[in-house]
Amino acid sequence: MSISRHSSTAKYTRLDEHQHHDDEDDESIHSDGTVDELIQSDDPEHPANLIPELCRGFYTLGWVTGTGGGISLKSGNLVYLAPSGVQKERILPEHIFVLPYPQPAVVKAHTERTFLRKPKQEGLKESACTPLFWNAYELRNAGACIHTHSQHAVMATLLWKGEVFEISHQEMIKGIRIGGTGKTLSYLDTLVVPIIENTPHEEDLTESMSEMMQKYPDAAGILVRRHGLYVWGPTWQSAKTQAECLDYLFEIGVKIKLMGLPVCPAKEGGL
Ligand SMILES: CSCCC(=O)C(=O)COP(=O)(O)O
Ligand SMILES: [Zn+2]
């Protein structure tokens, strides 16, 4: 997907609620007329092309509806982020933020972050999930981090009232990797996913997510009660697989529990 200076859709690319119709406004071009190389590529695997494509897929799964949730990718020493509070299924490469990695102040205020590239469209801010994605990069050496608002994840946090979600004896457990990046679990392993309590502002989840990731080094993701899931992997493909396997296990775990059947049959009796 390349960005064309004379794209016929240029006037429809704004993501906020105040669409305007100025054909001259092409956000991919600098005022000096140069193109933005950090987000322009014909390679469908380029992060600036992948983020929009993956967000469209996640939207159909109900993971990033209502503007919430999303994905960040890291490639070498560059981190790619989507804008905050926008229609995630309509993001284009020109809307992507690019940051250098590592950088020390990412967990603090937006103004302290260093950017290599910001969208030209006024009013766009980087995802509020940025410091949480950064947790996955710093603590798990991840190459991608996904945040879902999946109802399966939210329901799991309501039915598992303690610090962790647990499930065993499910084939899909074999798709989950230790710590999200290591070897896969066995059918005989119990999956444990820590749950942190939600906060009014996404950024304020940063510390508790970091603490839980350190307390549970084998955890492949972190659930946020009444909110969703953070999950990561060394590559976008791996992070997506982890997200799909976890979501499946949350969904089936919720159904099993609501049926009154044992979710961990060896522990609860029922094998
Ligand atoms: C209805 S979305 C509420 C905010 C939220 O949970 C979220 O994930 C926002 O992410 P964004 O990338 O849009 O800042
Ligand atoms: Zn969220």
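Residues numbered from 1 in each chain as written. Chains lettered and ligands numbered in written order. Predicted model: local features only at pLDDT ≥ 70, side-chain atom pairs only at ≥ 80, totals over all residues.

Across the interface, helix α2 (residues 130-140) lies against helix α4 (residues 206-215) with an axial gap of 9 Å and an inter-helix angle of 25 degrees. By the criterion of interaxial angle, the relationship of α2 to α4 is roughly parallel. As for how α2 packs across α4, the hand of that crossing is right-handed. Facing α2, whose interface residues are P131, L132, N135 and L139, α4 presents T206, M209, S210, M213 and Q214. (Axes fitted to C-alpha atoms, helices over the stretch in contact; angles between N-to-C directions. Helix = DSSP H or I, 4+ residues; strand = E, 2+ residues; numbered from the N terminus. Parallel < 35°, antiparallel > 145°, perpendicular 65-115°, else oblique. Left-handed = near helix turned anticlockwise from the far one by under 90°. Contact = placed C-beta atoms within 7 Å.)

The subject of this paragraph is the UniProt feature "binding site: Zn(2+)" (unreviewed entry) in the protein. Within the UniProt annotation, "binding site: Zn(2+)" (unreviewed entry) is assigned to H147, H149 and H227. These annotated residues cover 81 residues of sequence, and their C-alpha atoms lie no more than 9.9 Å from one another, placing them together at a single site. Checked against the element boundaries, H147 lands in strand β4 (residues 144-148). Not counting residues within four places of it along the chain, the set of residues in contact with H147 comprises G69, G70, C129, L132, G228 and Y230. Excluding its chain neighbours within four sequence positions, the residues that come into contact with H149 are W63, V64, T65, G68, G69 and G228. (UniProt positions renumbered as here; feature names shortened; annotations may be inferred.)

Attention shifts here to α4. Buried within α4 are the following residues: T206, M212 and M213. Looking down the long axis of α4, one finds its buried residues gathered within 135 degrees of arc, a one-sided arrangement. Away from its buried face by more than 90 degrees, α4 exposes Q214 and K215. For α4, the elements touching its buried residues are α2, β6 (191-196) and β7 (221-224). (Buried ≥ 20, exposed ≤ 12 C-beta atoms within 10 Å, placed from the backbone. Arc of directions from axis to C-beta.)

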